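Below are the chains, spelled out letter by letter.
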Amino acid sequence: MRIETCYVCSGPCYPGHGITFVRNDAKTFRFCRGKCHKTFKNKLNPRKLRWTKAFRRAAGKEMAMDTSFDFERQRNRPVKYDRDLMKKTVRAMEKVQAIKSAREKRFWDKRMEKNADVAKERNLAEVQQGLDLLVSPLVQQDAQLAAQKVEATRSSQRQKEKA
């Protein structure tokens, strides 16, 4: 059994799930859920819908070109079952997944580098705006000493009244 991809959102369509639409020219479209099917029937472009993988790739938010995608290519040639071949395949899949996740992390880090500078500028602007609300440590220390003196005088007055 093969896990197909949804025509609209590029998500997985597991066997026995989703909707399959067959056009008059025998072209088939698989949808993972009703949301994708409705989107297709309304003739909406998946590259303009923010929740699809096509939009994320077109907007540069996910890797579009990478050699690790070649391993996910469909191969329609049947292979005779071989236990050793299966072991090698599973191990290779794990290695490819590790490589792919490392590349995606590097891609994400590179994409988010710009945001660090913007966030720093935004934080500095916020601090500058509320600078008058901040109290310097020296002034705060003086205020604490004054409060302690007032408290000491009050406690001494109470002791005198009791005596």
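Scoring rules and cut-offs
Residues numbered from 1 in each chain as written. Predicted model: local features only at pLDDT ≥ 70, side-chain atom pairs only at ≥ 80, totals over all residues. Heavy atoms only, no water. Helix = DSSP H or I, 4+ residues; strand = E, 2+ residues; numbered from the N terminus. Rg over C-alpha atoms; globule rule 2.2 N^0.38 Å. Contact = heavy atoms within 4.5 Å. Areas by Shrake-Rupley, 256 points an atom, 1.4 Å probe, with all protein chains shown as cover. Buried < 20%, exposed > 50% of the residue type's maximum accessible area, 1.4 Å probe, protein only. Arc of directions from axis to C-beta. Pairing = 2+ DSSP bridges. UniProt positions renumbered as here; feature names shortened; annotations may be inferred.

When you go through the protein chain residue by residue, the secondary structure sums to four helices and four strands. Secondary structure elements of the protein chain, listed N to C terminal, follow the sequence β-β-β-β-α-α-α-α. At 32 Å, the protein chain has a C-alpha radius of gyration far larger than the 15 Å of a compact globule built from 163 residues. Along the longest, intermediate and shortest principal axes, the C-alpha atoms of the protein chain span 100 × 45 × 35 Å. Considering only contacts within the protein chain whose residues lie at least 6 apart along the sequence, 42% involve residues at least 24 apart. A total accessible area of about 14,400 Å² is found for the protein chain, and carbon and sulfur atoms account for 54% of it.

This next bit is on helix 1 (residues 34-41). Along helix 1, the positions that sit buried rather than exposed are Cys36, His37 and Thr39. All buried residues of helix 1 project into a common sector of 160° when viewed along the axis, lining one side. In helix 1, the exposed residues that point more than 90 degrees away from the buried face are Lys38 and Lys41. Buried-residue contacts for helix 1 involve strand 3 (19-22) and strand 4 (28-31). Phi turns positive one or two residues past the end of helix 1, at Lys43, with a value near 60°.

Side chains Phe29 and Phe31 of strand 4 all project onto a buried face; the interleaved residues Thr28 and Arg30 project onto a face where none is buried. Hairpin remark: strand 3 followed by strand 4, antiparallel, with five residues in the connecting loop; positive phi at Ala26, about 70°.

UniProt marks residues 6-44 with the feature "domain: TRASH" (unreviewed entry), using the numbering shown here. Split by type, residues 6-44 is 21% helix and 26% strand. Its first and last C-alpha atoms lie 15 Å apart.

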